[in-house]
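Listed below are the residues making up each chain.
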Amino acid sequence: HSAEDEEAVFHELMLIDANKRCFDCGQISPQWASVNNGIFVCLSCSGIHRSYGVDISFIRSITMDSWSQKQLKCMQLGGNEGLSEFLASYDLMSEPMDVRYQTKAAEYYRKKLRAF
């Protein structure tokens, strides 16, 4: 695939309202992604995610990094709304970030995205 393919995927994903804001803090126009969680995050939250380690949150820039097909697929299958609904079904959206991403439910969601 090419950089144009990546651009097209991210353009399409950014048309979805939930992806237009950082998953964690709501800042407009997130430019980073947690690949294994399938979500878009802002620069500030991406730094927090990096501190969790790559097993919990693998951070990439949506404009500066190159992406594999599998990573792009995780983003297409995930998305902010998908993880939000999943975590809400376990009453985890009100938990602090560091707790939310280290739960068994979040681990299961990451495994589910990886399996595709």
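Check the entry above for the structure.
Bear in mind that the values here come from a model prediction, so they are computed numbers and not experimental data. (Residues numbered from 1 in each chain as written. Predicted model: local features only at pLDDT ≥ 70, side-chain atom pairs only at ≥ 80, totals over all residues. Heavy atoms only, no water.)

Student: Tell me about the packing of helix 4 (residues 80–88) against helix 6 (residues 104–114), and please be specific about residues and values.
Tutor: The N-to-C vectors of helix 4 and helix 6 enclose an angle of 140°; their axes lie 10 Å apart at closest approach. As helix 4 packs across helix 6, the resulting crossing turns out to be right-handed. Residue-level contacts link Gly 82, Leu 83, Phe 86 and Leu 87 of helix 4 to Ala 105, Ala 106, Tyr 108 and Tyr 109 of helix 6. When the residues that make up the contact of helix 4 with helix 6 are grouped by side-chain class, the tally is 7 nonpolar, 1 polar and no charged. (Axes fitted to C-alpha atoms, helices over the stretch in contact; angles between N-to-C directions. Helix = DSSP H or I, 4+ residues; strand = E, 2+ residues; numbered from the N terminus. Left-handed = near helix turned anticlockwise from the far one by under 90°. Contact = heavy atoms within 4.5 Å. Nonpolar A, V, L, I, M, F, W, Y, C, P; charged D, E, K, R; others polar.)

Student: Pulling in residues and values, what's your account of the packing of helix 1 (residues 3–13) against helix 3 (residues 69–77)?
Tutor: Running from amino to carboxyl end, helix 1 crosses helix 3 at an angle of 10°, the nearest separation of the two axes being 10 Å. Between helix 1 and helix 3, the interaxial angle falls into the category roughly parallel. Residue-level inspection shows Glu 6, Val 9, Phe 10 and Leu 13 of helix 1 in contact with helix 3, the latter providing Leu 72, Met 75 and Gln 76. When its residues are assigned to classes, the contact of helix 1 with helix 3 shows 5 nonpolar, 1 polar and 1 charged. (Parallel < 35°, antiparallel > 145°, perpendicular 65-115°, else oblique.)

Student: Summarise the pattern of salt bridges; cite the residues concerned and give the values.
Tutor: Within this structure, the stated rule accounts for 3 salt bridges. Measuring nitrogen to oxygen at the nearest pair gives 3.4 Å for the salt bridge that ties Lys 111 to Glu 107. With Lys 111 and Glu 107 both in helix 6 and 4 residues apart, the pair spans about one turn of that helix. Looking at Glu 107, the relative accessible area reads 30%, which means it is partly exposed. (Salt bridge = Lys/Arg side-chain N within 4 Å of Asp/Glu carboxyl O. Buried < 20%, exposed > 50% of the residue type's maximum accessible area, 1.4 Å probe, protein only.)

Student: So what's going on with the packing of aromatic side chains? Which residues, and what values?
Tutor: Applying the stated criterion to the full structure yields 6 aromatic pairs. Arranged with centres 6.2 Å apart and planes meeting at 80°, the rings of Phe 10 and Phe 40 form a pair that is edge-to-face. Of the two residues, Phe 10 is situated in helix 1 and Phe 40 in strand 2 (residues 39–41); the sequence distance between them amounts to 30 residues. Looking at Phe 40, the relative accessible area reads 0%, which means it is buried. Arranged with centres 6.1 Å apart and planes meeting at 25°, the rings of Phe 86 and Tyr 108 form a pair that is stacked. One end of the pair, Phe 86, is in helix 4; the other, Tyr 108, is in helix 6, and 22 residues separate them in sequence. Accessibility expressed as a relative area gives 12% for Phe 86, which makes it buried. (Phe/Tyr/Trp six-rings, centres within 6.5 Å; stacked < 30°, edge-to-face > 60°.)

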